[in-house]
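# Fold and geometry: a report
So you can see what is in the structure, the chains are spelled out below.
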Amino acid sequence: MSPALAAFLRPSPFALKFATKGVLAMALALYAAFFFDLDRPYWALISAAFLQTRPMSGMVVEKGICQVTGTFVGTCVAVVIMGCFAQVPELALGSVTLWIGLCIYGASLTHNNLSYGCVMAAVACMIIVVLTSSVPDDFFSVALARLSELSLGALCAVVVSALVWPIRVRDHLGQLSDTAVNATFRYMALAFSMPLEADRAVNRDTAGQSQGHSQAQLKGQQRERMAMLEQMMTGLDALNNLEIDAHSARYEGPQGKGRIRGVHLLTRRSMRLYATLKALHQLRHPEFFVSSQRDDGEASAHPSELNQTQGQEAERFSQPTQDLMQRLGAAFQSMADNQGTAQARKTLKELRGECLRLSRGQRSITALEARLLFSLREVLGHALVILQAREVINHPGRHQLRQPSMSWHRDHGRAAIDALRAMAIFSATAIFWLATAWDNGAVAMLLGTLFSGIFVSRGDPAPIIPMVLKGLLLAVPSVLLFGNVMLSHAQHFVPFVIIFSIPLFLGLMGSVVPALAGIALPFVVFNILLVMPDNGMTFDVAYTLNRSLAAGIGLIVTIIGFRLIPVPGAGWDKRQLIRATASDIRELAERSTERLDSWFGGRMGDRLLRLARHEQTRSREQEARRSGENASGQPDDAQQQVLGMPLLTLGLTGMDIGRGIGFVRRELGNDVPRPVQHALRELIHALADDYQRCARGESPTRMRAAGNRLCELIEQHHTMSRHKQALLAGWLTRVQLTLQSDALRQQRS
């Protein structure tokens, strides 16, 4: 049975409860609107319907507050506009156009339900000005009615959400945190469990190895990397949802703020952990370190060269270190399999102590191995903090945290494009309305403004808007049957609500299925907009079709707007994110060391999540285009690009560079000789420049000389211990190799 049929013939208990709660909230809002004799009760219905899309109690409360606040702000702006231009509708609509652009600009820069509040500010202002442009005397009554209707719908949604089968944000956050932590531990288990001994045995037999065996080995490595990518994406997706949903926990009691701090801590440390793991995995599997250029200038990726280089690099690490990493892989796999938190914490502490003993007990140790052991201790420390953060999310009363909120990456260029598109869509529908004097033209203006604002938070909304149009096409026959034929025979409120709720219940039940949500939710909204239940409603088929035509025109104009002014793609985001990361790396030279990690880690967290989303979309597209393996049995270029993760790798490299700079600055302290301080600043700027170069597929050129100069001056002025100097040298070597590897990966992508 297809998912569409199963959603209605065999609905899940959650779908039935979700649909029942939504219908109850809308029925209560409609009854209250009739009781208070409001002008347009269907606005209370729409308000309740939008708030029920995420039925968790805290989210409904937060979204309701943002909706009412946005409506109030939009109403105040409408008062100013009508006070200035009540006699000149063209200037009034021009002012509304500018306000819509400003609101959509703000919605594009904000997150969570604040974005929805900005959209509601634009919609409220537009509705009030359009409805009163021909009758300015009714302006204040219309403005008060709109605010009352939307507030009433929000209140009814909050009451139903809290009293009927309440779903708590805290439970949702607990499930997401478990998913994020377990996926991270599985990724760590895979990263540490890829064996080196088998690789070295293969290297010794490379001369007599068959081509098929070599290809089989390469395919096995690619399957392991694909599994790592899947776990990383699962963890990052859970972290992204945690950051989006966590703020609603503040409305579920005094412990909500503790859960929010736990989410911020979990996200920050997980991002640092992924950056460190990426570097460690490259150190452990040196096939990433193949020179990006041959002598003849062409890229090198032949398996024999990979094996030879791997055999050379594997000798960098002693056997005890390799054995320790194998133990780490087994330990993290055990933790991911729901090992108790207390036992996991004990295991992590024991392994961390063993890392420390190993680094102090070996006399002949290379700089890279010293850095690797130091990074292993960092990984284990991050894992301990991640376990604590999960405990805080589930049981905030047992722990006290002071964790600042996460900084967000703000793409002002994309926000300006979103605002320009929304203004163009509204202007087109407004000109059409003024030219035709069509009563229902306001519906086209409403839908164009609403959907151009709601879709700003989507990565690529172009495929979703046609689904909204399908929801409209399905709603028209439903409205003709239930709204015009059956409702005309309802003489009392109870049968009226029962008949009207049938299509709403079916739409809400289908919206639980992700494949149907883009059609089912618009189906519910259009049923309300086309029926428009109120105290003086008429059951006119011609009027229903007329209003449906206006809604279709508004959606078509919106589709054209997104086609003519498309959402910037992954290429735009990549350039913006890399430029912003390089700018932050340069700023690390000037900021104080006290909050260096907090500032940089917070800003990089959102960028990594964005790059991960682009990587997911890119991987799905390339997987769909992949035609399998070529005739020689070697995976094609598309598969290698999927496995390469070039976008996410760049973000992790940027995070690793920033954290390394923070380590150097903390170890040097505040009282630094001027030559060392100047050399450190030169190194930081060189790292930022080389980071941008590797993003363009070019090898690093500046950091090696700048790093050598800093190491010489540190040794000359005795500003760092011998052990820390070895760690610094190992970090510089690793970053150099990582940038070379990332440059090669960008060339191939």
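Residues numbered from 1 in each chain as written. Predicted model: local features only at pLDDT ≥ 70, side-chain atom pairs only at ≥ 80, totals over all residues. Heavy atoms only, no water.

### Description of the packing of helix 18 (residues 464-486) against helix 19 (residues 493-511)
- Interhelical geometry of helix 18 versus helix 19 gives an angle of 175° and a closest axis separation of 10 Å. The orientation of helix 18 with respect to helix 19, classified from their angle, is roughly antiparallel. On helix 19, the residues that touch Ser 478, Phe 482 and Met 486 of helix 18 are Ile 499, Ile 502 and Pro 503.
- Here the contact of helix 18 with helix 19 is built from residues that sort into five nonpolar, one polar and no charged. (Axes fitted to C-alpha atoms, helices over the stretch in contact; angles between N-to-C directions. Helix = DSSP H or I, 4+ residues; strand = E, 2+ residues; numbered from the N terminus. Parallel < 35°, antiparallel > 145°, perpendicular 65-115°, else oblique. Contact = heavy atoms within 4.5 Å. Nonpolar A, V, L, I, M, F, W, Y, C, P; charged D, E, K, R; others polar.)

### Focus: the pattern of salt bridges
- Scanning all chains against the criterion turns up 15 salt bridges.
- The salt bridge partner of Arg 390 is Asp 178, with a shortest N-O separation of 3.7 Å. Residue Arg 390 is found in helix 15 (residues 367-394), and its partner Asp 178 is found in helix 8 (residues 169-193); the two are separated by 212 residues along the sequence.
- Looking at Arg 390, the relative accessible area reads 11%, which means it is buried.
- Using a relative accessible area of 30% as the deciding quantity, one classes Asp 178 as partly exposed.
- A salt bridge links Glu 682 to Arg 702, with the shortest nitrogen-to-oxygen separation between them at 3.8 Å. Taken together, the positions of Glu 682 in helix 26 (residues 674-695) and Arg 702 in the loop between helix 26 and helix 27 (703-717) put the pair 20 residues apart, joining distant regions of the chain. (Salt bridge = Lys/Arg side-chain N within 4 Å of Asp/Glu carboxyl O. Buried < 20%, exposed > 50% of the residue type's maximum accessible area, 1.4 Å probe, protein only.)

### Some remarks on unusual backbone geometry
- Within the chain, Trp 165 stands out as a residue other than glycine whose phi angle is a positive 45°.
- Here Trp 165 is to be found in the loop between helix 7 (139-163) and helix 8.
- At Met 532, a residue that is not glycine, the phi angle is positive and equals roughly 50°.

### Section: the packing of aromatic side chains
- Evaluated as defined, the whole model comprises 13 aromatic pairs.
- Measuring from ring centre to ring centre gives 5.5 Å for Phe 185 and Phe 332, while their planes differ by 45°; the resulting arrangement is tilted. Linking Phe 185 in helix 8 with Phe 332 in helix 13 (residues 319-336), this pair joins segments that are 147 residues apart in sequence. As far as burial versus exposure is concerned, Phe 185 and Phe 332 are alike and both buried. (Phe/Tyr/Trp six-rings, centres within 6.5 Å; stacked < 30°, edge-to-face > 60°.)

### What about the side chain of Asn 527?
- When you line up the elements, Asn 527 lands in helix 20 (residues 514-531).
- Not counting the four nearest positions on each side in its chain, Asn 527 is found in contact with Ala 475, Ser 478, Val 479, Phe 500, Pro 503 and Leu 504.

### Digging into the packing of helix 19 against helix 20
- Two numbers describe how helix 19 lies on helix 20: the axes approach to 7 Å, and their chain directions differ by 160°. The pairing of helix 19 with helix 20 is recorded here as roughly antiparallel in orientation. Note that helix 19 runs across helix 20; the crossing there is left-handed. Each of Phe 500, Pro 503, Leu 504, Gly 507, Leu 508, Gly 510 and Ser 511 in helix 19 lies in contact with helix 20, whose residues at this interface are Leu 516, Ala 517, Ala 520, Leu 521, Phe 523, Val 524, Asn 527, Ile 528 and Val 531.
- A class-by-class count of the residues in the contact of helix 19 with helix 20 yields 12 nonpolar, four polar and no charged. (Left-handed = near helix turned anticlockwise from the far one by under 90°.)

### A look at the side chain of Ser 375
- Checked against the element boundaries, Ser 375 lands in helix 15.
- What Ser 375 contacts, discounting residues up to four positions off in sequence, is Thr 276, Leu 280 and Arg 734.

### Let's talk about the environment of Ala 444
- Position of Ala 444 relative to the elements: it lies in helix 17 (residues 441-454).
- In the structure, Ala 444 is positioned 16 residues away from Ala 428 in sequence and 9.8 Å away in space, judged by C-alpha atoms.
- Residues in contact with Ala 444, not counting those within four places in the same chain, are Thr 429, Ala 550 and Gly 554.

### Brief notes about the state of the cysteines
- Taken as a whole, this structure holds zero disulfides when the rule is applied.
- Cys 103 takes part in no disulfide bond, and the closest cysteine sulfur to it belongs to Cys 118, at a distance of 6.4 Å.
- Cys 103 gets classed as buried once you look at its relative accessible area, which sits at 6%. (Disulfide = S-S within 2.5 Å.)

### Structural notes on helix 18
- The first and last C-alpha atoms of helix 18 sit 32 Å apart over 23 residues, in line with the 33 Å expected at 1.5 Å per residue.
- Helix geometry: helix 18 is bent most strongly at Val 479, by close to 35°.
- Taken as a whole, helix 18 has its buried residues at Ile 464, Ile 465, Val 468, Gly 471, Leu 472, Ala 475, Val 476, Ser 478, Val 479, Phe 482, Gly 483 and Asn 484.
- Lining the buried residues of helix 18 we find helix 17, helix 19, helix 20 and helix 21 (541-564). (Expected span 1.5 Å × (residues − 1). Bend = angle between axes of the 7 residues up to and from the residue.)

### Points about the nonpolar core
- Phe 185, Leu 236, Leu 239, Phe 332, Leu 376 and Tyr 691 are the most contacted members of the largest nonpolar core, which has 105 residues in total.
- Of all the elements, helix 15 adds the most residues to this core, at 14 residues.
- Excluding its chain neighbours within four sequence positions, the residues that come into contact with Phe 185 are Phe 332, Met 335, Ala 336, Ala 383 and Leu 387.
- Counting 103 residues, the second largest nonpolar core, distinct from the first, contains Met 26, Val 129, Ile 528 and Ala 551. (Core = buried A, V, L, I, M, F, W, Y, C linked by side-chain atoms within 4.5 Å.)

### Things to note about the environment of Gln 736
- For Gln 736, the location among the structural elements is in helix 28 (residues 722-748).
- For Gln 736, a relative accessible area of 7% gives the class buried.
- Along the backbone, Gln 736 and Ser 699 are 37 residues apart, and their C-alpha atoms lie at a distance of 9.3 Å.
- Not counting chain neighbours up to four residues away, the residues in contact with Gln 736 comprise Pro 700, Met 703 and Arg 704.

### Regarding the confidence of the model for the protein
- In this model, the protein carries an average pLDDT of 79, and 82% of its residues clear a pLDDT of 70 or more.
- Taken together, the stretch residues 196-209 has pLDDT below 50 and engages in 23 contacts with residues farther than four places along the chain or on a different chain. (pLDDT = per-residue confidence, 0-100.)

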